[in-house]
Amino acid sequence: MQKWTQDLLISYPDLSDCAADIEQAYRIMAEQFHKGHKLLVCGNGGSAADCEHIVGELMKSFTMRRAIPESLKIGLQSESDGSYIAEHLQQALPAISLVSQSGLYTAFSNDVQPDLVFAQQVYGYGQPGDMLLGLSTSGNSRNVVYACEVAKALGLHTIGLTGKQGGQMARYCDAVVRVPYESTAQVQERHLPIYHAFCLALEEEFFG
């Protein structure tokens, strides 16, 4: 991760104070992915779009080829379309965006409580050792904070991407990256290169 952090700081020197936290967050993700655990991601608005972006980079190739293992290719050969599937299937790091479940989201919001919809999914998906990555420019988004609370209670590792103050979410995070801005646009503009660095480093770690 140090290489990717250094590259990040060349383009964004204003993130130099975040370097140690970025590397701590990466270590959590790499260690838990190595143990076979998954990543859950949540956020609102622009951060919800970031959640989808992160999952897209982890669940398929980003910059490297991710050919599936030979053992799986051999297993697929007996199927009529096995060669086609084996040629195009890619290895993935298991990640789920909690903003994508529109049916559950609307049902739970209507029938129960809208600010607990991420927490409900953490409860449903999460297993001890899994990870929750919460994105909130203020660190005070209630649905993200509640998701972090439930994650901690269930034994998940919690990581936060926030703005300068960290907000309420910081108290529930094992690692929190506070970018040194308070305006929503400036915070989100710094979150993107940070999670790109995570995804690049993870891809190199697992598929390089």
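Our structure is the block above this text.
On a predicted model such as this, the values are computed, not experimentally measured, just so you know.

K.L.:
Describe the overall build of the protein, naming the residues involved and giving the relevant values.
P.N.:
In terms of helices and strands, the protein carries nine helices and five strands. Ordered by position in the sequence, the α and β elements of the protein form the string α-α-β-α-α-α-β-α-α-β-α-β-β-α. A globule of 208 residues ought to have a C-alpha radius of gyration of about 17 Å, and the protein, at 18 Å, matches this closely. Principal axes of the C-alpha set define a box for the protein whose edges measure 55 × 50 × 30 Å.

K.L.:
A description of the sheet that holds strand β2 (residues 95-97) should follow, citing residues and the corresponding values.
P.N.:
Strand order across the open sheet formed by five strands is β2-β1-β3-β4-β5, with parallel pairing between neighbours. Each edge of the open sheet carries a strand with a single partner, namely β2 and β5 (175-178). Taken pair by pair, the neighbouring strands of this sheet meet at an average axis angle of 15°, ignoring direction. Sheet topology places strand β1 (residues 39-42) next to β2; three bridges connect them, and they run parallel. Residue pairing for β2: Val41 is matched across the bridge by Ser97. The sheet contacts of helix α8 (residues 142-154) involve β1, β3 (131-135) and β4 (157-162), and relative to β3 the element is tilted by about 165°.

K.L.:
Which residues make up the environment of Ser11, and what are the values?
P.N.:
Looking at where Ser11 falls in the secondary structure, it is placed in helix α1 (residues 2-11). Along the chain, Ser11 and Pro193 lie 182 residues apart, while their C-alpha atoms are 9.1 Å from each other.

K.L.:
I'd like a rundown of the nonpolar core, residues and numbers included.
P.N.:
Membership of the largest hydrophobic core comes to 39 residues, with the highest contact counts inside it found for Leu58, Ile194 and Phe198. Looking at this core, the elements with two or more residues in it are α1, α2 (19-34), β1, α3 (46-58), β3, β4, β5 and α9 (184-207). If one sorts the elements of this core by residue count, α9 sits on top with 10 residues. Leave out the neighbours within four places in its chain, and Ile194 touches Leu8, Leu15, Ile22, Leu161, Val177 and Val179. Ranked by size, the runner-up nonpolar core spans 19 residues in total, among them Val122, Ala147, Met169 and Tyr172.

K.L.:
Describe the side chain of Arg190, and please don't skip the residues or the numbers.
P.N.:
Mapped onto the fold, Arg190 is located in helix α9. Its relative accessible area of 14% is what places Arg190 among the buried residues. In this structure Arg190 touches Tyr12, Asp14, Leu15, Val179 and Tyr181, once residues within four positions along its chain are discounted.

K.L.:
Lay out the packing of α1 against α9 in plain terms, naming residues and giving numbers.
P.N.:
It is the contact of α1 with α9, at a shortest axis distance of 9 Å, that shows an interaxial angle of 150°. Overall, the two elements α1 and α9 adopt an arrangement that is roughly antiparallel. With respect to the hand of their crossing, α1 and α9 are arranged in right-handed fashion. Between α1 and α9, the residues in contact are Lys3, Trp4 and Leu8 and Pro193, Ile194, Ala197, Leu200, Ala201 and Glu204, respectively. Tallied by class, residues from the contact of α1 with α9 come to seven nonpolar, no polar and two charged.

K.L.:
Go over the environment of Gly43 with me, naming the residues and quoting the values.
P.N.:
Of note, Gly43 is situated in the loop between β1 and α3. By relative accessible area, Gly43 is classed as buried at 2%. Each residue touching Gly43, except ones within four places of it in the same chain, is listed here: Ala48, Cys51, Val99, Phe118, Leu135 and Val144.

K.L.:
How would you summarise the packing of aromatic side chains if you had to cite specific residues and measurements?
P.N.:
Throughout the structure, instances matching the rule amount to three aromatic pairs. With a centroid separation of 6.4 Å and 50° between ring planes, the pair formed by Phe206 and Phe207 is classed as tilted. When its relative accessible area of 23% is taken as the criterion, Phe206 is described as partly exposed. An aromatic cluster is defined as three or more aromatic residues linked by ring pairs; in this entry it consists of Phe33, Phe206 and Phe207. The ring of Trp4 has Lys3 sitting right over it, with the charged end atom 4.2 Å from the ring centre.

The rules we used
- Residues numbered from 1 in each chain as written.
- Predicted model: local features only at pLDDT ≥ 70, side-chain atom pairs only at ≥ 80, totals over all residues.
- Heavy atoms only, no water.
- Helix = DSSP H or I, 4+ residues; strand = E, 2+ residues; numbered from the N terminus.
- Rg over C-alpha atoms; globule rule 2.2 N^0.38 Å.
- Pairing = 2+ DSSP bridges.
- Axes fitted to C-alpha atoms, helices over the stretch in contact; angles between N-to-C directions.
- Contact = heavy atoms within 4.5 Å.
- Core = buried A, V, L, I, M, F, W, Y, C linked by side-chain atoms within 4.5 Å.
- Buried < 20%, exposed > 50% of the residue type's maximum accessible area, 1.4 Å probe, protein only.
- Parallel < 35°, antiparallel > 145°, perpendicular 65-115°, else oblique.
- Left-handed = near helix turned anticlockwise from the far one by under 90°.
- Nonpolar A, V, L, I, M, F, W, Y, C, P; charged D, E, K, R; others polar.
- Phe/Tyr/Trp six-rings, centres within 6.5 Å; stacked < 30°, edge-to-face > 60°.
- Lys NZ or Arg CZ within 6 Å of the ring centre and 35° of its normal.

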